[in-house]
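Here is what each chain is made of, one letter per residue.
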Amino acid sequence: MEIDMEVVKRSIQAIGQIALKIGKISKKTVDVLYDLFINRAEYVINQLVIVLQYILRRYNKSFLTTIITIVSDLSIDDLDDSEALSSYIWIIGEYCKEIPHLEDRLTTLVSQFLDSEPNVQSSLLTTIVKVNLTKPSPVTKKLLQQVLNEATEEIENADVRDKAYIYWRILSTDNQKLQRKIVLATPPILTSTIDNFNPILLKELIGELGNLSSVYYKPASTFDIDTENINKNSKLQNKKLEDLQQLAKNEIVGNAIKAENLLDFDDDVEEEIGSLHNHNKTKTMLFLIF
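Residues numbered from 1 in each chain as written. Predicted model: local features only at pLDDT ≥ 70, side-chain atom pairs only at ≥ 80, totals over all residues. Heavy atoms only, no water.

The next subject is the environment of valine 129. Position of valine 129 among the secondary structure elements: in helix α7 (residues 118–134). Residue classification places valine 129 among the buried residues on the basis of a relative accessible area of 0%. For the pair valine 129 and glutamine 145, spaced 16 residues apart in sequence, the C-alpha to C-alpha distance is 9.8 Å. Ignoring anything within four residues of it in the chain, the contact list for valine 129 reads Leu144, Tyr167, Leu171 and Val183. (Helix = DSSP H or I, 4+ residues; strand = E, 2+ residues; numbered from the N terminus. Buried < 20%, exposed > 50% of the residue type's maximum accessible area, 1.4 Å probe, protein only. Contact = heavy atoms within 4.5 Å.)

Structure below.
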């Protein structure tokens, strides 16, 4: 059976959005995602990891055990999407104390640092710094120095390079408290706007999805509608093609006549100018005679 990858991707995204926006059934959605992972279908793994990162940012440690179980069972070779790999690295850095075989995973990632996409490089850079502040070891310190050297000397992407310089500057200070405050700052929790809506209004807006109501968060009944133009347009739509063609011709001719009239002087104006010219001419002759 042929699998539509885009449908699969959007389906997993939808499951993730339900988990983020409806807290009452978030556990059920995480269980569904876990079942999808158990099947180990290659076409779900990438999007699954991206969604798991969002769930961790929304609920922090509520589903940490399940998600860490999934991440711990993954390898880098299972991920072929840069966003998924970036999410995987973010989870490792944020929860490095719970990740088994951490040094081996980081060593593999660092070995591919130069060949990775910029978003992956940026995530790995942050993760290496976090690990060295949270769970340092001789191996992680060596990996940190390697990544900083490569990022500042061999990476052409300005964002990654500048980020490496900033981290290097922070780590070169003796104030470890300041280092931890900056690097290990808690990321903002993802929130949903659904709880802010009145239930009656929300039900009405859901029924009007696809309309401007869903953009402005206002029911269609509150919009100020120009009925005059609507009636005019409906009348035009009801006319036959021949009638519309004739209307267009008449409008073109009318506009052409208006344009010509703008260039024509009024007859009364011409007579007044002629009379004024003759009067001046008469005054000139009388002046010459006397």
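A few words now on unusual backbone geometry. Among all residues save glycine, negative phi is the norm, and among peptide bonds the norm is trans. Of note, asparagine 60 is a non-glycine position whose phi angle comes to about 55°, a positive value. Structurally, asparagine 60 is set in the loop between α3 (42–59) and α4 (64–72). Residue classification places asparagine 60 among the partly exposed residues on the basis of a relative accessible area of 41%.

A word on the side chain of glutamate 208. Relative to the elements of secondary structure, glutamate 208 occurs in the loop between α11 (199–206) and α12 (213–216). Buried and unpaired, glutamate 208 has no salt bridge, with lysine 218 as the nearest side chain of opposite charge at 12 Å. Non-local contacts of glutamate 208, meaning those with residues more than four positions away in its chain, are made with Ser213, Ser214, Lys218, Pro219 and Ala220. (Lys, Arg positive; Asp, Glu negative; His and termini not counted. Salt bridge = Lys/Arg side-chain N within 4 Å of Asp/Glu carboxyl O.)

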